[in-house]
Amino acid sequence: MAAAEGLRTLSMEEVAKHSTKEDCWVVLYGKAYDLTKFGKVHPGGAHLIYDNAGKDATALFDPIHPKDIMEKLLKPALTMGVVDPATIKEQH
């Protein structure tokens, strides 16, 4: 799979390694974001970010936020890559 926008392709297993509040990656709409620092200032509370560290949180995120909010709020360097959909399992 070619990564969109020149981003590297990641597996969910790689994303799952970043599952603490000190190292927090969250997947939204197929992209992994490093939300380690953002979690501390998230308007809805840090726990919502950190509870989903290392996971795909799109289903929780989608009803509340505009789809493009990540590109508006976060620096491009915080987009860690595109997740290979074949690696997303039920536990993610």
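Going by the structure above, here's the rest.
Since the structure is predicted, the reported quantities are computational estimates derived from the model, not experimental observations.

Asks: So what's going on with the overall build of the protein? Which residues, and what values?
Replies: Across its full length, the protein carries four helices and six strands. What you see in the protein, going N to C, is helices and strands ordered as β-α-β-β-β-α-β-α-α-β. Relative to the globule expectation of 12 Å for 92 residues, the C-alpha radius of gyration of the protein, 12 Å, shows essentially globular dimensions. Scored against the burial criterion, the 92 residues of the protein give a buried share of 40%. Expressed as a percentage of contacts within the protein between residues at least 6 apart in sequence, the contacts between residues at least 24 apart total 68%. Accessible surface, the protein as shown: approximately 5600 Å² in total, 58% of it carbon and sulfur.

Asks: Quick rundown of the packing of aromatic side chains? Include the residues and the values.
Replies: Working definition: an aromatic ring pair is given by the centre-to-centre distance plus the angle between the planes. Taken as a whole and judged by the stated rule, the model has one aromatic pair. With centroids separated by 5.9 Å and ring planes inclined at 80 degrees, the aromatic side chains of Tyr29 and Phe61 adopt a geometry described as edge-to-face. In this pair, Tyr29 sits in the loop between strand E3 (23-28) and strand E4 (31-34) while Phe61 sits in helix H3 (residues 58-61), placing the two residues 32 residues apart along the sequence.

Asks: Which residues make up the pairing of strand E6 (residues 79-83), and what are the values?
Replies: Within E6, five of the five residues are buried, which leaves the element mostly enclosed by the surrounding structure. Sheet topology places strand E1 (residues 9-10) next to E6; two bridges connect them, and they run parallel. Looking across to E6, one finds that Thr9 is bridged to Val82. Examined bridge by bridge, E4 and E6 share three bridges and lie antiparallel to one another. Bridge pairing in E6 places Tyr33 opposite Thr79.

Asks: For the environment of Glu71, give the residues involved together with the corresponding values.
Replies: Among the secondary structure elements, Glu71 is positioned in helix H4 (residues 69-73). Not counting the four nearest positions on each side in its chain, Glu71 is found in contact with Lys31 and Tyr33. A polar contact is formed between the side chain of Glu71 and the side chain of Tyr33, at a distance of 3.1 Å.

Asks: Provide a residue-level description of the side chain of Thr36, including the pertinent values.
Replies: Topologically, Thr36 is positioned in the loop between E4 and helix H2 (46-50). Within polar-contact distance, the side chain of Thr36 engages the side chain of Asp34 at 2.6 Å. The contacts of Thr36, once residues within four sequence positions are left out, are Lys21, Glu22, Asp23, Cys24 and Tyr50.

Asks: Lay out a positive patch on the surface with the relevant residues and their values.
Replies: Side chains of Lys21, Lys37, Lys40 and Lys75 sit close together on the surface and give a patch of like positive charge. Of the residues examined, Lys37 reaches a relative accessible area of 70% and is grouped as exposed.

Asks: Report on the environment of Val27, specifying residues and quantitative values.
Replies: Position of Val27 relative to the elements: it lies in strand E3. Owing to a relative accessible area of 0%, Val27 belongs among the buried residues under this scheme. In this view, Val27 contacts Met12, Val15, Ala32, Lys55, Asp56, Ala57, Thr58 and Val83; residues no more than four positions away in its chain are not counted.

Reading the values: rules and limits
Residues numbered from 1 in each chain as written. Predicted model: local features only at pLDDT ≥ 70, side-chain atom pairs only at ≥ 80, totals over all residues. Heavy atoms only, no water. Helix = DSSP H or I, 4+ residues; strand = E, 2+ residues; numbered from the N terminus. Rg over C-alpha atoms; globule rule 2.2 N^0.38 Å. Buried < 20%, exposed > 50% of the residue type's maximum accessible area, 1.4 Å probe, protein only. Contact = heavy atoms within 4.5 Å. Areas by Shrake-Rupley, 256 points an atom, 1.4 Å probe, with all protein chains shown as cover. Phe/Tyr/Trp six-rings, centres within 6.5 Å; stacked < 30°, edge-to-face > 60°. Pairing = 2+ DSSP bridges. Polar contact = N/O pair within 3.5 Å; in protein donor to acceptor, adjacent residues only side chain to side chain. Patch = residues over 30% accessible without salt bridge, like charges linked within 9 Å, V, L, I, M, F, W, Y side chains within 5 Å. Salt bridge = Lys/Arg side-chain N within 4 Å of Asp/Glu carboxyl O. Lys, Arg positive; Asp, Glu negative; His and termini not counted. Charge placed at Lys NZ, Arg CZ, Asp CG, Glu CD.

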